[in-house]
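Read off the chains here:
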Amino acid sequence: MEEGADKLFYMLFMFAYIFETDSHDHTNVVSEVTPTQPSEKTTTQQNVAPTKDALISSTERTSLLAGLEWPAPNKIVSSVNESTDATKCSYEVINLQENYTIGSFVNVLVVARDANGLAKTHGGDFFQAKLYNSQLKASTFGFVIDHNNGTYTVQFSLLWSGPAHVSILLVHSSEAVQVLRKQRDQDPDKVIFYGYFKDGTITEQVVCNALQSPWLVGDSKSCCCKYRDPVTGESWFCRRPSSLPCHAFSHHSMGRYQANLSSLESSLLNEKREKVVLGKDPVINVLPQETVKRENRRCQPGLDTPVPAGFYFQDRWTSMVCKSQAFSTAMLISDCLRDKQVHMMGDSTLRQWFEYLVETVPTLKRLNLYTSALSGPLEAVNLQNNYVIRWRAHGIPFRTTKTPVADLHYIARQTDDLAGGRHIVIVITIWAHFTTYPVDIYMRRVATIRRSILSLLQRAPDTLVLIKSANTGFKDVYGSDWLSWQLDLILRTMFRSLPVTFIDVWQMTSCHYSPDNIHPPKEVVRNEVDLFLSFVCPQ
């Protein structure tokens, strides 16, 4: 479902988060540790209107929430058979022609039905669509429009010559989306984390999370240690250890998954249900043109991302945003990165870029920093071309194995420590570890990053800042594509006014032929990195 879809309804959030003011002391680099009592008002219990100095104004927050509105079913279902079923849905090409030419468009009508074969009368189903040719390893993303009456239109651009086929995927029924939204807004403890405390030979393990929720608070004797970063204002909560002080907090790890779903909710979200929408599978014959217009704009910050943002042909991505390049050899990559400091900050989908570059460029040597391979930080240097690449996980929450808290830096705080300049390249992605929280938590985190990036660009406007979008590949209550898409929309909207670059990997991962996976294969990562390098070294 895309931003242009009809929008009718959206639930109010159960948890509100205080958006703290812009006043903070950059000289203080030690996190504040505050034991709190259950009687105190916490961030999840207050609903304070942002002030004019807030990270996010009331007007902006209202606008962001409006942009996330999603059509809801017009009745409460009592059986999974009443939800949209991909095997009963259908599609057909509208006014199918014998031949088309490159540059023209095709529209496809999708009709949603439930498992009983009854046509749906409301919208809200989450479809993904692509046009593809398996032999040519060609594909592109389709734009889905919800008419809120059980029908949908998918718009495709025809971008290569040869036959093309339509693929429509029902990621989630409208009923399943409501389960995802309810779980996101009402249960922030679906994923919990462990905090490890140490003082000499004494160690303790407790549960932690980003919200001081009733579940985390527990009884009055166990709550809570609050860790508030003095620079970003971000907070983290752990149950108080029985014998150790709060400042003995040393390590962090993923805890467990514990979503509380009814049998009906589980059935609605069952990822084993057939997802492919059946259709007549017409062959769309695309003829070449004598002159094919390709995007010749220079790859530079501030460009809009169209739909489609590009297409694959012979497994190579051609961007419709700007004049992209293929960096097919280690020499081309190293020549592009000469004299650069590349700071990658985010999650494992960005760590894949680091790993790809180290694997592809023999002279790029990875240093052994004796840190976690999953959460880093990681660093590689190339002495011949005088460049360095660093990857660092964003701050907690972060689903990882046991790792020192000191190694998990907030992106905003890390960015504040960079002088910037024409030799500095910053790449950021942040979304996958926030899908289980009410969106206010994510809005605030993105706002702190935005403030930091704005300050960086004010003091060093020639710094290149790139934002990598979310990937597709999640399909459950802990990380659905629908949840990721909502966060990705927030990220794009909040950075829209800044001179930064968006690398749209959402479309690149959604339309590729590889199996659905949050961590795409090397073929996709290579094209993502090539697009990134096209902005570092534009033609």
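Just so you know, these numbers come straight off a predicted model, no measurement behind them.

Reading guide: rules and limits
- Residues numbered from 1 in each chain as written.
- Predicted model: local features only at pLDDT ≥ 70, side-chain atom pairs only at ≥ 80, totals over all residues.
- Heavy atoms only, no water.
- Helix = DSSP H or I, 4+ residues; strand = E, 2+ residues; numbered from the N terminus.
- Buried < 20%, exposed > 50% of the residue type's maximum accessible area, 1.4 Å probe, protein only.
- Contact = heavy atoms within 4.5 Å.
- Pairing = 2+ DSSP bridges.
- Arc of directions from axis to C-beta.
- Phe/Tyr/Trp six-rings, centres within 6.5 Å; stacked < 30°, edge-to-face > 60°.
- Lys NZ or Arg CZ within 6 Å of the ring centre and 35° of its normal.
- Axes fitted to C-alpha atoms, helices over the stretch in contact; angles between N-to-C directions.
- Left-handed = near helix turned anticlockwise from the far one by under 90°.
- Nonpolar A, V, L, I, M, F, W, Y, C, P; charged D, E, K, R; others polar.
- Core = buried A, V, L, I, M, F, W, Y, C linked by side-chain atoms within 4.5 Å.
- pLDDT = per-residue confidence, 0-100.
- Disulfide = S-S within 2.5 Å.
- Expected span 1.5 Å × (residues − 1).

J.: I'm lost on the overall build of the protein in this one. Help?
T.: A count of helical and extended segments in the protein gives 11 helices and 25 strands. Counting every position in the protein, which comprises 539 residues, the buried fraction comes to 57%. Considering only residue pairs separated by 6 or more positions, the protein has 77% of its internal contacts joining residues 24 or more positions apart.

J.: What is the right way to read the sheet that holds strand S21 (residues 387-393) from this model?
T.: Backbone hydrogen bonds are what pair the strands of a sheet, in a parallel or an antiparallel way. Ordered in space as S19-S20-S21-S18-S23-S24-S25, the 7 strands form an open sheet in which the pairing is mixed. The strands lining the two open edges of the sheet, one partner per strand, are strand S19 (365-366) and strand S25 (501-503). Of the strand pairs in this sheet, strand S23 (residues 424-428) and strand S24 (residues 464-468) are connected by 4 bridges, and their pairing is parallel. Within the sheet, the bridge partner assigned to Ile426 lies in S24 and is Val465.

J.: Please clarify how helix H5 (residues 330-337) should be interpreted in this entry.
T.: Restricting attention to buried positions, one finds in H5 the residues Ile333, Ser334, Cys336 and Leu337. An end-on view of H5 places all buried positions within 160° of arc, on one side of the element. Elements in contact with the buried residues of H5: strand S18 (341-346), helix H6 (348-360), strand S20 (378-382), S21 and helix H11 (522-536). In the stretch just after H5, Asp339 is the one whose phi turns positive, near 65°.

J.: It is not clear to me how the environment of Ser263 should be interpreted in this structure. Could you clarify?
T.: Along the chain, Ser263 falls in helix H4 (residues 263-268). Ser263 gets classed as exposed once you look at its relative accessible area, which sits at 61%. Placed 183 residues apart in sequence, Ser263 and Val80 show a C-alpha to C-alpha distance of 9.9 Å.

J.: Explain the environment of Gln205 here, please?
T.: Its place among the elements puts Gln205 in strand S10 (residues 202-209). Along the backbone, Gln205 and Arg240 are 35 residues apart, and their C-alpha atoms lie at a distance of 9.7 Å. In contact with Gln205, other than residues within four places in its own chain, are Tyr194, Gly195 and Tyr196.

J.: Explain the packing of aromatic side chains here, please?
T.: How two aromatic rings sit relative to each other is given by the distance of their centres and the angle of their planes. If you walk through the whole model with that rule in mind, you get 13 aromatic pairs. With centroids separated by 5.5 Å and ring planes inclined at 65°, the aromatic side chains of Trp70 and Trp485 adopt a geometry described as edge-to-face. Here Trp70, found in the loop between helix H1 (58-67) and strand S2 (90-93), pairs with Trp485, found in helix H9 (residues 481-494); they are 415 residues apart in sequence, far enough to count as distant. A single burial state applies to Trp70 and to Trp485, both of which are buried. Judged by centre distance (4.9 Å) and plane angle (70°), the ring pair of Tyr312 and Trp317 falls under edge-to-face. The exposure class assigned to Trp317 is buried, which follows from its relative accessible area of 8%. In textbook terms, an aromatic cluster arises when at least three aromatic residues are bridged by ring pairs, as seen for Trp70, Phe126, Trp482 and Trp485. Above the face of the Tyr132 ring, Lys130 is positioned so that its terminal group lies 5.7 Å from the ring centre. When the ring centre of Trp215 is taken as origin, the NZ or CZ atom of Arg239, which lies over that ring, is 4.8 Å away.

J.: It is not clear to me how unusual backbone geometry should be interpreted in this structure. Could you clarify?
T.: Backbone phi values are negative for most residues with the exception of glycine, while trans is the configuration of most peptide bonds. Here the bond from Gly376 into Pro377 is cis, since omega is 5°, no more than 30 degrees from zero. Residue Pro397 is reached from Ile396 by a cis peptide bond, and omega for that bond is 10°. The residue Pro397 is located in the loop between S21 and strand S22 (403-404) in this model. In this structure, Lys137 takes a positive phi of about 50° despite not being glycine. Structurally, Lys137 can be placed in the loop between strand S5 (126-133) and strand S6 (138-146). Positive phi, normally seen in glycine, also occurs at Tyr370, with a value near 55°. The topology assignment puts Tyr370 in the loop between S19 and S20.

J.: Can you help me understand the packing of helix H2 (residues 174-186) against H9 in this one?
T.: Direction vectors running N to C along H2 and H9 enclose 60°, while the axes themselves pass 10 Å from each other. Note on packing geometry: the crossing formed by H2 with H9 is right-handed. Between H2 and H9, the contacting residues are Val177, Leu180, Arg181 and Arg184 on the first element and Trp482, Leu483 and Gln486 on the second. Here the residues of the contact of H2 with H9 are counted per class, giving 4 nonpolar, 1 polar and 2 charged.

J.: Honestly, the nonpolar core in this entry has me stumped. Any pointers?
T.: The nonpolar side chains of soluble globular proteins are, as a tendency, buried together. The biggest cluster of nonpolar side chains holds 119 residues, and the ones touching the most others in it are Trp236, Met344, Phe495 and Phe532. The element that contributes the greatest number of residues to this core is helix H8 (residues 439-459), accounting for 10 residues. Within the second largest apolar cluster, 29 residues are counted, among which are Val110, Ala129, Ile284 and Val286.

J.: How should I be thinking about the confidence of the model for the protein in this particular structure?
T.: Scored by pLDDT, the protein has a mean of 88; 88% of the residues are at 70 or more. Overall, residues 1-53 carries pLDDT values under 50, and its contacts beyond four positions in sequence, including any with other chains, amount to 144 contacts.

J.: Can you walk me through the state of the cysteines in this structure?
T.: In a disulfide, the sulfur atoms of two cysteines are covalently bonded to one another. Enumeration over the complete set of coordinates arrives at 5 disulfides. Residue pairing for Cys299: its cysteine sulfur links by disulfide to Cys322, the two sulfurs lying 2.0 Å apart. Because the sign of the S-S torsion sets the handedness, a value of about 90° for the bond joining Cys299 and Cys322 places this disulfide among the right-handed ones. Taken together, the residues span a long stretch of sequence, with Cys299 in the loop between strand S15 (284-287) and strand S16 (310-313) and Cys322 in the loop between strand S17 (316-319) and H5 at a distance of 23 residues. For Cys299, a relative accessible area of 2% puts it in the buried group. Residue pairing for Cys336: its cysteine sulfur links by disulfide to Cys537, the two sulfurs lying 2.1 Å apart. Taking the sign of the torsion about the S-S bond as the criterion, the disulfide between Cys336 and Cys537, at about 110°, is right-handed. Remark: Cys537 occurs in the segment after H11 and Cys336 occurs in helix H5; sequence separation between them is 201 residues. Overall, the relative accessible area of 5% leaves Cys336 in the buried class.

J.: Sorry if this is basic, but what is going on with H8 here?
T.: Two residues of an α-helix separated by three or four positions point the same way, owing to the 3.6 residues in each turn. For H8, with 21 residues, the first-to-last C-alpha span of 30 Å sits near the 30 Å given by 1.5 Å per residue. For H8, the buried fraction is high: 17 of the 21 residues fall into the buried class.

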